[in-house]
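Listed below are the residues making up each chain.
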Amino acid sequence: MSEKRALTLSVEGMTCASCVGRVERTLAGIPGVSDAAANLANETARVSFTAPANLAGLIDTLGEAGYPATTSEITLDVESMTCASCVGRVERKLTASDGVIDAQVNLAAETATIRYATGATTPADLARISTELGYPATLKAGEDLSKQDRKAAEIARLGQLTLVAAILALPVFVIEMGGHLFPAMHMWIEESVGLQNSRLLQFLLTTIVLFGPGLRFYTKGFPLLFKGAPDMNSLVALGTSAAYGFSLISTFTPGVLPAGTANVYYEAAAVIVVLILLGRFLEARAKGRTGEAIRKLVGLQAKVARVEREGEVVELAIEEIIVGDLIHVRPGEKIAVDGKVISGRSYVDESMITGEPVPVEKSTGAEIVGATVNGTGALIFQATKVGADTMLAQIIQMVEQAQGAKLPIQGLVDRITAWFVPAVMAVATLTVLTWLVFGPDPALSFALIAGVAVLIIACPCAMGLATPTSIMVGTGRAAEMGVLFRKGDALQMLQEARVVALDKTGTLTQGRPELTDLIAADGFDSDEVLRLVAAIEAQSEHPIAEAITRAATQRGLDGAEVTAFTSITGYGVEATVGGHRILVGADRLMQREGIDMGKLAQIGDELGRKGRTPLYAAIDGQIAAAIAVADPVKPATPAAISALHDLGLSVAMITGDNQGTAEAIAAELGIDIVVAEVLPEGKVAALEDLRTRGKLAFVGDGINDAPALATADVGIAIGTGTDVAIEAADVVLMSGELTGVVNAFDISTRTMRNIRQNLFWAFSYNTLLIPVAAGVLYPAFGLLLSPVLAAGAMALSSVFVLTNALRLRWVKPVLNDKAAIPMQETETLNPALVG
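Residues numbered from 1 in each chain as written. Predicted model: local features only at pLDDT ≥ 70, side-chain atom pairs only at ≥ 80, totals over all residues. Heavy atoms only, no water.

## Let's talk about the overall build of the protein chain
Here comes step 1: The number of helices and strands found in the protein chain is 31 helices and 29 strands.
Here comes step 2: Long-range contacts, defined as pairs at least 24 residues apart, comprise 70% of the intrachain contacts of the protein chain with a sequence gap of at least 6.
Here comes step 3: When the accessible surface of the protein chain is totalled, it reaches about 35,600 Å², and 57% of it is carbon and sulfur.
Here comes step 4: For the protein chain, the separation between the mean place of its 64 positive charges and that of its 88 negative charges on side chains is 6 Å. (Helix = DSSP H or I, 4+ residues; strand = E, 2+ residues; numbered from the N terminus. Contact = heavy atoms within 4.5 Å. Areas by Shrake-Rupley, 256 points an atom, 1.4 Å probe, with all protein chains shown as cover. Lys, Arg positive; Asp, Glu negative; His and termini not counted. Charge placed at Lys NZ, Arg CZ, Asp CG, Glu CD.)

This is the structure in structure tokens:
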């Protein structure tokens, strides 16, 4: 069976929701295509296919349908080719790469000319493919034109066309509309210029507008109309052609028209083109801003790095770095790619990945991430991931896929727009016939105005932009807050969830035991007790022992010499430290040794009821301290759970702890539902039980929770900075704190609310204004919508939808780690230990 491939193509010519549907149906109709989803906001189509479908066939079919896929051509300088077999090897490897249409390699010139589908691959990746094959390749200077550059050029071009069209249309509008509004002006034009000369001037200027700046509507609209697949361009082309054609007859052969109907509507045709071009220009500018998040992520990348090659350190572009290279990083520099520290010591600012403001210490053996910022130390690291394999590249890919996703709510738009344009044409035809039969004189003029107004005002641009623009901006803003939506439908499913289930270890808690309490008995110093106990526990590798020794190290307590160490199975340990006989263990060890625990026995019981593990220390036969060890709750957890409640969610905790311990933790945190004593393989069954309460989101650490993440309606994986590409999760949080869960729910709710606002506006606009354009208000109020006003309203509707979506760029996090941490600081350690 052939391998399934998935590509994202940049598609030209999509202007409305009906175009999106047509692109999807065109692609889906190709044998071998299993899935196709087009996106109007970022002008792309995501297609999954197997043989017999291929990239060249997809591109040809789209071109025949009137929606050509954008292609690019670059030339690479390729080194180390020595013979024809080298040429064949490079050519075959490049041609077989995703997104490449064809590749031609020239041995004499040492170049490779590659034609590829824009958006499906990048010049840097193509250069890397050749380099990894053993033939180092670099991009020829000035060859690549990025999508951003092309967009900027298109915006500039639309601005120029709009300006030219407006300058030409202004005299037409002033002559015709000024004459209608001001009788004195009409008389002046007729006496000084002449009515026919006035019409000839309007004809000349309008013709230039229509077949100059406005030509794009006809070259795209009429071919699709003749194929029986009209789109928005077809509506504009038909409407303006009707007004222009009628005006031509009135100008040059007025005798063929009924008496009193030989009017001209040049101004309608010209101004409609101007307004729709203006709308396209404003749309393009707004659409450019929807991709701001991706550009910010791309901008995080380092451009060059100091790489050790053949014993020398040279400065290379990051595209030239290969796995295994040794890279030198000076203080304050960006780290170029992912790698492992070979030598040096420094603190690295990883806030762009994790959201954590505190720099992380890096020394030999530590993993580092590309695009993070080195602190004051110098590092040498070995590249382990380059190009598309780096974490930043994976994050960008996740965001792009989420931005191109199609939510379930989009199905409503698709069903409507599948018949919308043909229905509008039918309504326009019916409008013209109704006015011809029942309208007052001059009926033909009224029929023309109403028919053109219906065609122009009904363009479904706003419908097509309503959902994808909100998705693009919402998921982009989420990424900036450290929330990555890996699967697009999670954006909708998350705000429908009613229960959020949290794995305890590693999600609610730190994931490793810590010393939480040390209460010294009368006559004993807490620091001295901790020093002696830690000296004994340093002999053990048990997690509880490590927690105690770690606490002593953090407080700067020196170790002590340990002799006669004995482990008492099931009870604890005994040893001689600094001449003192020390016992450390459970209460049963103290009872076995006949040591009176006094009031510390009651304190130990209270600690146990709080979900902590109590231990006791005795020195020279006397009880010295009660010690508690627990996997502490993360600092931001209480604030996050409170915020989840504020969002109307029920919070459940799933843990392997015994019921009593679990309930103690739940009571402390305000958790609603406790599912305790669950084995790792039992999490899926526990989630199925919880699902009876409503749609379910599950939050896990992504390491051993894959089955549960996949089972939930929405799986949310809490990342740890280096494990972001978690396949089982729908949403990945860059930070290790629960604050990201709250922000994920909030941005989901806000984005879906924004989409509903857009859809309500788009549908209401068309539902209300099409009848107005058809003339339903004329019998009662004498109001008939001008085609010029219809064009303006249509353009404004799209701009409104885009502007509303762009509001999501300024969404603030509900919680951030820095805000949440102080709420918990004083609860992590007992004052006896802190002071």
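There's more to say after this.
## Some thoughts on the pairing of strand β2 (residues 33–39)
Here comes step 1: A large share of β2 lies buried, amounting to five of its seven residues.
Here comes step 2: Bridge count between β2 and strand β3 (residues 44–49): six bridges; the pairing is antiparallel. If you follow A36 over to β3, its bridge partner there is V47. (Buried < 20%, exposed > 50% of the residue type's maximum accessible area, 1.4 Å probe, protein only. Pairing = 2+ DSSP bridges.)

## Comments concerning the UniProt feature "domain: HMA" (unreviewed entry) in the protein chain
Here comes step 1: The feature "domain: HMA" (unreviewed entry), as given by UniProt, occupies residues 5–70 and 72–138 in the numbering adopted here.
Here comes step 2: The span residues 5–70 carries 33% helix and 29% strand; its end-to-end C-alpha distance comes to 19 Å.
Here comes step 3: Counting secondary structure, residues 72–138 comes out at 33% helix and 34% strand; the distance between its end C-alpha atoms is 17 Å. (UniProt positions renumbered as here; feature names shortened; annotations may be inferred.)

## Overview of the environment of I548
Here comes step 1: With respect to the element layout, I548 can be found in helix α20 (residues 543–554).
Here comes step 2: Spatially, the C-alpha atoms of I548 and I627 are 9.1 Å apart, while their sequence positions differ by 79 residues.
Here comes step 3: Setting aside chain neighbours within four positions, we find I548 in contact with L530, V533, A534, E537, L615, I627 and V629.

## Topic: the UniProt feature "transmembrane region" (unreviewed entry) in the protein chain
Here comes step 1: Under the local residue numbering, the UniProt record ascribes the feature "transmembrane region" (unreviewed entry) to residues 158–180, 200–219, 231–252, 264–282, 416–438, 444–467, 759–778 and 784–806.
Here comes step 2: The span residues 231–252 carries 95% helix and 0% strand; its end-to-end C-alpha distance comes to 31 Å.
Here comes step 3: When the span residues 784–806 is considered, its composition is 87% helix and 0% strand, and the gap between its end C-alpha atoms is 34 Å.

## Overview of the domain arrangement of the protein chain
Here comes step 1: As assigned here, the protein chain comprises domain 1 (5–65), domain 2 (71–142), domain 3 (145–321), domain 4 (326–375), domain 5 (476–509 + 634–745) and domain 6 (514–630).
Here comes step 2: Relative to domain 4, the C-alpha centre of domain 1 lies at a distance of 41 Å. (Domains from an automatic or database assignment.)

## Quick word on the packing of aromatic side chains
Here comes step 1: Applying the stated criterion across every chain yields a total of 13 aromatic pairs.
Here comes step 2: Geometrically, the ring pair formed by F211 and Y244 is edge-to-face, given 6.0 Å between the ring centres and 70° between the ring planes. Residue F211 is found in helix α7 (residues 195–211), and its partner Y244 is found in helix α9 (residues 232–252); the two are separated by 33 residues along the sequence.
Here comes step 3: Relative accessible area serves as the criterion here: at 10%, Y244 is assigned to the buried category.
Here comes step 4: The interplanar angle of 70° and the centroid separation of 5.3 Å between the aromatic rings of W435 and Y778 together place this pair among those described as edge-to-face. Here W435, found in helix α14 (residues 410–438), pairs with Y778, found in helix α28 (residues 778–781); they are 343 residues apart in sequence, far enough to count as distant.
Here comes step 5: Relative accessible area serves as the criterion here: at 8%, W435 is assigned to the buried category.
Here comes step 6: Owing to a relative accessible area of 24%, Y778 belongs among the partly exposed residues under this scheme.
Here comes step 7: Taken together, F203, F211, Y218, F222, F226, Y244, F252 and Y266 form an aromatic cluster joined through their ring pairs. (Phe/Tyr/Trp six-rings, centres within 6.5 Å; stacked < 30°, edge-to-face > 60°.)

## Points about unusual backbone geometry
Excluding glycine, residues mostly have negative phi values, and the peptide bonds linking residues are mostly trans.
Here comes step 1: A cis geometry characterises the amide bond from A51 onward to P52, with omega recorded as 10°.
Here comes step 2: By the element assignment, P52 lies in the loop between β3 and α2 (55–64).
Here comes step 3: You will see that A371, though not glycine, has its phi angle at about 85°, which is positive.
Here comes step 4: Assignment of secondary structure puts A371 in the loop between β14 (367–368) and β15 (373–374).
Here comes step 5: Using a relative accessible area of 3% as the deciding quantity, one classes A371 as buried.
Here comes step 6: A positive phi angle, near 55°, is found at A564, a position not held by glycine.
Here comes step 7: Here A564 lies in strand β20 (residues 562–568).

## Description of the sheet that holds strand β9 (residues 312–317)
Here comes step 1: Overall, antiparallel pairing links the six strands, which are arranged β9-β8-β10-β16-β11-β14 in an open sheet. In the strand order of this sheet, the two ends are held by β9 and β14, each with one partner.
Here comes step 2: Here strand β8 (residues 304–309) pairs with β9 via six bridges, running antiparallel. Paired with V307 across the bridge in β9 is V314.

## A few points about the nonpolar core
Here comes step 1: Core analysis: the biggest nonpolar cluster contains 151 residues, and F485, I716 and F745 have the highest contact counts within it.
Here comes step 2: Apart from the residues lying within four places of it in its own chain, the contact partners of I716 are L494, A697, F698, V699, G700, L709, V731, L733, V741 and F745.
Here comes step 3: One finds V499, V675, A712 and M734 within the second-largest nonpolar core, a separate group that totals 30 residues. (Core = buried A, V, L, I, M, F, W, Y, C linked by side-chain atoms within 4.5 Å.)

## Some points on the side chain of T131
Here comes step 1: Structurally, T131 is set in helix α4 (residues 123–132).
Here comes step 2: There is a polar contact of 2.8 Å between the side chain of T131 and the backbone oxygen of A127.
Here comes step 3: Filtering out sequence-adjacent residues up to four positions away, T131 remains in contact with P136, A137 and I322. (Polar contact = N/O pair within 3.5 Å; in protein donor to acceptor, adjacent residues only side chain to side chain.)

## Here's the deal with the pattern of salt bridges
Here comes step 1: All told, the structure shown has 22 salt bridges when counted by the stated rule.
Here comes step 2: Between D527 and R555 there is a salt bridge whose closest N-O contact spans 2.6 Å. Placement of D527 in helix α19 (residues 526–537) and of R555 in the loop between α20 and β20 is noted, with a sequence separation of 28 residues between them.
Here comes step 3: What makes D527 partly exposed here is its relative accessible area of 26%.
Here comes step 4: A relative accessible area of 29% places R555 in the partly exposed class.
Here comes step 5: A salt bridge links R592 to E593, with the nearest nitrogen and oxygen atoms 3.3 Å apart.
Here comes step 6: Note on R592: relative accessible area 47%, which makes it partly exposed.
Here comes step 7: Each of E574, R581, R592 and E593 takes part in salt bridges that share partners, so that together they form one network. (Salt bridge = Lys/Arg side-chain N within 4 Å of Asp/Glu carboxyl O.)

## Some details on a nonpolar patch on the surface
Here comes step 1: On the surface, L433, L436, V437 and F438 cluster together to form a nonpolar patch covering roughly 450 Å² of accessible area.
Here comes step 2: Secondary-structure assignment places F438 in helix α14. (Patch = residues over 30% accessible without salt bridge, like charges linked within 9 Å, V, L, I, M, F, W, Y side chains within 5 Å.)

## Focus on helix α22 (residues 599–609)
Here comes step 1: Taken residue by residue, α22 has L600, G604 and L607 as its buried positions. The arc that holds the buried residues of α22, viewed along the axis, is 60°, so those residues lie on one side. Pointing more than 90 degrees away from the buried face of α22 are the exposed residues K599, Q602 and R609.
Here comes step 2: Buried residues along α22 sit against β19 (514–520), β23 (613–619) and β24 (622–630).
Here comes step 3: Among the residues trailing α22, G611 stands out with phi positive, at a value near 90°. (Arc of directions from axis to C-beta.)

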